[in-house]
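# Summary of structural features
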Amino acid sequence: MIPEIIDTGPRLLAGFSFYGDPFETHGFWEEENEIGRIWQRWMAFYKKEEDLLSRLMDGKAFYELFVHHEKTQSRGHFEVFVGMPVTSVEKLPVELVIKSLPALRYAIFTFHGEAIRSDCYTDIRKWLAEAGLTQCCPFNMQVYDERFKGMDRIHESEMDVFIPVKRLSGTGTDHPRA
Amino acid sequence: MDAMTRALDFVADNLQRPIQVADMAGKAAYSLYYFCRMFHRIVHHAPYDYLIRRRLSAAATALTASRRKIIDIAYDLQFQNPETFSRAFRRMFALQPSEWRKNPLNPVFYLMPSLTREHLIHRNSPAGNRPEVLHRETWEISGWTVPAESSITDIEKIWHATHSESHTDPVRCVVLWDMPGHPEGMGCLAGWPDFRNDQKTSGWIRKQIPGGTYAVFPYIGSFAGRHLARDYALHTWLPKSGCRLARPMIIERYHTRPVSGPGKDIRMNLEIPLAG
């Protein structure tokens, strides 16, 4: 598993956000967890506002961010953001929240089929350590473009995981693709 | 399952240490994100929720087992201040710690047990754990009291001695209820529902079971393992259901004759009365 290393400029994302236990279900009427629910909200909203949002969209992928906050390590609570990159925040519907990502270097790991459902972050952590890299911001990003066919067609799917990285001090240089 | 068992054992061994969910994930050798997802799926709890419930249950045990200051017990179990501890304690038990110390509730019904690999196997069995919630009218059980930890052999003797096997209704019941002051803390009656014994056998009693809403959990497994169904119903399903226990009572309905011995499974419905 060798990632691609790229540098990107600042990015703006627009979408929906949740903070808490992302795997909490409410039983009885709703069996899906918070991640499933936020994706449902996002897809329904995107479909409703597609005419406007498709004009503001920067690229053709949807993004899922997991942001670590103060209680993430102690409680397993995350911020989950689902949305899309945008060229501008003007004219965005008020229902959406904005995420502003700074210019960053990313290691991009591509996962195929069932590996999408595996504990890919343990593998990523091992690779980074061996490569002398470390995560530099408290979030990671899963990017879903036309290569992702849905969880019911996961065997035909691919997904990219973006990890913001920096070099551990005293461990040489890397040469990202600009 | 092995990974989750390691995490559960880690919690059991470290309740009084400042462990975090990330430490539990480390014991399972999973990333934090994947661990949280799998813990929900296999244990049927959020990891933090399980950790807090175990700590509060350990605190409740310490409150009745010693005269130590409440604040010291709270700090031992990693609560940052008395207010946080009291709020969490009241939320779980509907009692202040001082009230629990004076009149503790029956631990079988209210304290979260330390979950084991056997619990996880039960929770992930094909039989599933989704209960049926239904309404029951008031009914009576007739039979004999037995120790709460009676073996299936002893209970079968009760059933066999008191009822002809030719009776058309095969349903047998065991009812357990909170009995403060009893040496076992629990009353237990093995018998038959709505059965009239006109022979006036010595020791024969009848107990009325109030009508109301009941959650009914199917259980297939060993007789000795039926506490796994009880633990799931009372300490995992009930807190998430939005309901509370109407009264500290469990009813076991055996729809086929339970047989004892290794490898012999029983089929039983476990029922708990609901309020709210």
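### Some points on the overall build of chain B
- From N to C terminus, chain B includes eleven helices and nine strands.
- Radius of gyration (C-alpha) of chain B: 20 Å, near the 19 Å computed for a compact globule of 276 residues.
- Principal axes of the C-alpha set define a box for chain B whose edges measure 60 × 40 × 30 Å.
- Taken across its 276 residues, chain B has 35% of its residues classed as buried.
- When contacts within chain B are restricted to residue pairs at least 6 apart in sequence, long-range pairs at least 24 apart make up 70% of them.

### Notes on the overall build of chain A
- Helix and strand counts for chain A stand at four helices and nine strands.
- The order of helices and strands in chain A, counted from the N terminus, is β-β-α-α-β-α-β-β-β-α-β-β-β.
- Its C-alpha atoms put chain A at 50 × 40 × 35 Å along the principal axes.
- Going through the 178 residues of chain A one by one, you find that 25% of them count as buried.
- Excluding contacts between residues fewer than 6 apart, the proportion of contacts in chain A whose partners are at least 24 apart in sequence is 74%.

### Remarks on the environment of Ile6 of chain A
All names here are of chain A.
- Examined against the element boundaries, Ile6 turns out to sit in strand β1 (residues 4-8).
- Judged by C-beta crowding, with 14 C-beta atoms within 10 Å, Ile6 ranks as partly exposed.
- Placed 98 residues apart in sequence, Ile6 and Leu104 show a C-alpha to C-alpha distance of 8.4 Å.

### Considerations on the nonpolar core
- Grouped together as the largest cluster of nonpolar side chains are 48 residues, with contacts concentrated most on Ala59, Val175 and Ala233 of chain B.
- Taken domain by domain, this core gets at least three of its residues from each of domain 1 (2-104) and domain 2 (132-275) of chain B.
- In contact with Ala59 of chain B, not counting residues within four places along its chain, are Ile73, Ala74, Leu77 and Phe89 of chain B.
- Formed by 29 residues, the second largest nonpolar core is a distinct cluster that contains Leu56, Phe78, Met159 and Val165 of chain A.

### Overview of the pairing of strand β9 (residues 158-167) of chain A
All names here are of chain A.
- Summarising the sheet, strand β6 (residues 104-112) and β9 pair through seven bridges and their orientation is antiparallel. Bridge assignment links Phe111 to a residue of β9, and that residue is Met159.
- Sheet analysis places strand β7 (residues 133-135) next to β9, joined by three bridges and oriented antiparallel. Each bridged residue has a counterpart across the sheet, and for Gln135 the counterpart in β9 is Val165.
- Of the pairings in the sheet, the one linking strand β8 (residues 139-144) to β9 comprises three bridges and is antiparallel in character. By the bridge assignment, Gln142 is partnered in β9 with Val161.

Procedures and definitions
- Residues numbered from 1 in each chain as written.
- Chains lettered and ligands numbered in written order.
- Predicted model: local features only at pLDDT ≥ 70, side-chain atom pairs only at ≥ 80, totals over all residues.
- Helix = DSSP H or I, 4+ residues; strand = E, 2+ residues; numbered from the N terminus.
- Rg over C-alpha atoms; globule rule 2.2 N^0.38 Å.
- Buried ≥ 20, exposed ≤ 12 C-beta atoms within 10 Å, placed from the backbone.
- Contact = placed C-beta atoms within 7 Å.
- Core = buried A, V, L, I, M, F, W, Y, C linked by C-beta atoms within 7 Å.
- Domains from an automatic or database assignment.
- Pairing = 2+ DSSP bridges.

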